[in-house]
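Working through the structure, step by step
The primary structure of each chain is shown beneath.
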2 protein chains.
Amino acid sequence: MTQADPAPRGDKRERIIDAAIAVFADRGFHKARVTDIAHRAGVADGTIYLYFRNKEDLLLTIFEEKMDLIIASLKATLAPIDDPLERIHAFALHHYSLVRRERALAEVLQVELRLSNRFLKEYRPEKLWKYLGLFAQVVRDGQERGVIRADMDPFIVMWAFFGAIDELGMQWILARKKARFKLDQAAHQVADIFIQGIQARP
Amino acid sequence: MTQADPAPRGDKRERIIDAAIAVFADRGFHKARVTDIAHRAGVADGTIYLYFRNKEDLLLTIFEEKMDLIIASLKATLAPIDDPLERIHAFALHHYSLVRRERALAEVLQVELRLSNRFLKEYRPEKLWKYLGLFAQVVRDGQERGVIRADMDPFIVMWAFFGAIDELGMQWILARKKARFKLDQAAHQVADIFIQGIQARP
DNA sequence: AGATCCTGAATGGCGATTCATTCCCATACA
DNA sequence: TGTATGGGAATGAATCGCCATTCAGGATCT
């Protein structure tokens, strides 16, 4: 009749993306077979190529689209918090709440994306910069307000903090149930170290 | 893993390892072709299989052998330093001196090893644990002496510190000459953040 | 000669990608 | 109402390129 979508167009695309996240997390990008993804999504192998240029495009699409959601969510979390030091704390907690809630996605973003040379060397991970940029901005704000040491380079602090958070998240994911620490505990300790480490002292 | 060399002698093994480090760093493990490594080492493709079981064994052998050297070097660096907080500083500087001096090796260890699922999930990176364990021990010593906060989990501090150091090292390597910071500056700032962050306060 | 070491072309397997074919259904027409 | 038709969507078997690995000979020593 009207302009109603005749076919479940978006549905298949969504299913392929979800299946890809699961399979990438499970087998790793390189070992993941397109056939596996197609099977899991309940579509034919060729169907995937109607929606994505190739296997790598599928990985990058997941990154692009999911990061948009994550960035929006992070912004919403930080918005009501005024104190920069408190925001650092919130950043860590927010990061891990995602890791815990969507472990497969987190695994793809943290572990698998890094094996894509294209991603690391050729492709500009704009979305990652945007995500981290929010943190760097928190540091700059804190410096302007005088609560964070002025001799710290926000750029270095940003990568250091992300590295710390990311590494612990990765170890937690890799260790699965055997993890020797709790994510929340890690979030608190790391945030605490950085807050103590960079705050301006009288 | 390399059991015992069946027979072959000479400097070929060494040349293959050096060539592999260069090619892995340059093209990435997956895109690196055995042919490229052989060519660079000045040997025939098949020769590589006289010294290594397969391509992955080559990667793991590089890890095993180089880590032994790195661990020994780190121990020698820390030995004459008594103050745990000063050792943290030395750890960061030592790590980056390696990154700067042997960039290709650092790239392989930091970036490429991570793409080997086998390495991260199945293989136990004992040597990495040994390396990091040295740092965890520094934290424990500091706690016993009362100069480091007792409420910090050495395990979490260890991963956080390594993550921070590692991430900055990776960004520096990836950015090559365009890096927006100096390695030494990063070493000092990160060490400073952690020292300020974990030291016991009166 | 025999043993050791090396060579590099040939092989084989894997799995991403393609594309000829089929399916589905909205619309048009009788 | 029944049937034809056009074309986009989906299929999945076949293709095809890539490259790690092998191995039947050579080369080089003793």
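Residues numbered from 1 in each chain as written. Chains lettered and ligands numbered in written order. Predicted model: local features only at pLDDT ≥ 70, side-chain atom pairs only at ≥ 80, totals over all residues. Heavy atoms only, no water.

1. Brief notes about the environment of alanine 32 of chain A
Residue and element names in this part refer to chain A. Here alanine 32 is to be found in the loop between helix H1 (9-27) and helix H2 (34-41). Taking the C-alpha atoms as reference, alanine 32 lies 9.8 Å from alanine 22; in sequence the two are 10 residues apart. Once residues within four sequence positions are removed from consideration, alanine 32 is found in contact with Val23, Phe24, Arg27 and Lys55. (Helix = DSSP H or I, 4+ residues; strand = E, 2+ residues; numbered from the N terminus. Contact = heavy atoms within 4.5 Å.)

2. Let's talk about the domain arrangement of chain A
All names here are of chain A. Each assigned domain of chain A is listed here: domain 1 (1-52) and domain 2 (60-198). One C-alpha centre belongs to domain 1, the other to domain 2, and the line joining them spans 29 Å. Counting residues at the interface gives 10 residues for domain 1, matched by 10 residues for domain 2. Overall, the association of domain 1 and domain 2 removes approximately 890 Å² of surface from exposure, summing both partners, and the carbon and sulfur fraction of that is 72%. Between the two partners, domain 1 and domain 2, sit one salt bridge. Taken together, the connections running from domain 1 to domain 2 amount to one residue pair in polar contact (both at pLDDT 80 or more). Of the residues assigned to the side of domain 1 that touches domain 2, the class counts are seven nonpolar, two polar and one charged. (Domains from an automatic or database assignment. Buried area = accessible area lost by both parts, 1.4 Å probe. Salt bridge = Lys/Arg side-chain N within 4 Å of Asp/Glu carboxyl O. Polar contact = N/O pair within 3.5 Å; in protein donor to acceptor, adjacent residues only side chain to side chain. Nonpolar A, V, L, I, M, F, W, Y, C, P; charged D, E, K, R; others polar.)

3. Thoughts on the nonpolar core
In terms of nonpolar packing, the biggest core is built from 152 residues, with Phe24 and Phe194 of chain A together with Phe24 and Phe194 of chain B touching the most fellow members. Of the residues that make up this core, three or more belong to each of domain 1 (1-52) and domain 2 (60-198) of chain A. Those residues within four positions of phenylalanine 194 of chain B in sequence are excluded, and the remaining contacts are Ile193 and Phe194 of chain A together with Val157, Ala160, Phe161 and Ala164 of chain B. (Core = buried A, V, L, I, M, F, W, Y, C linked by side-chain atoms within 4.5 Å. Buried < 20%, exposed > 50% of the residue type's maximum accessible area, 1.4 Å probe, protein only.)

4. Things to note about the relation of the copies chain A and chain B
Of the two same-sequence chains, chain A is brought onto chain B (RMSD 0.1 Å, axial shift 0.0 Å) by a rotation of 180 degrees. Here the transformation between the copies is reduced to the relation of a two-fold axis. Taken together, the interface assignments show that 100% of the residues at the interface of chain A recur at the interface of chain B, consistent with an identical surface on both copies. (Least-squares fit on C-alpha atoms with pLDDT ≥ 70 in both.)

5. Regarding the pattern of salt bridges
Two side chains that carry opposite charge are able to pair once their charged atoms sit near each other. Counted by the stated rule, this structure contains 23 salt bridges over all chains. Close ionic contact of glutamate 65 of chain A with arginine 13 of chain A constitutes a salt bridge, the shortest N to O distance being 2.2 Å. Pair noted here: glutamate 65 of chain A is in helix H4 (residues 55-78) and arginine 13 of chain A is in helix H1, with a separation of 52 residues, a long-range link. Classification of glutamate 65 of chain A as partly exposed rests on a relative accessible area of 35%. Put simply, aspartate 68 of chain B and lysine 127 of chain B hold a salt bridge, and the shortest N to O gap is 3.4 Å. Of the two residues, aspartate 68 of chain B is situated in helix H4 (residues 55-78) and lysine 127 of chain B in helix H8 (residues 126-145); the sequence distance between them amounts to 59 residues. Bridged by salt links that share partners, the residues Asp26, Arg27, Arg33 and Asp36 of chain A form one connected network.

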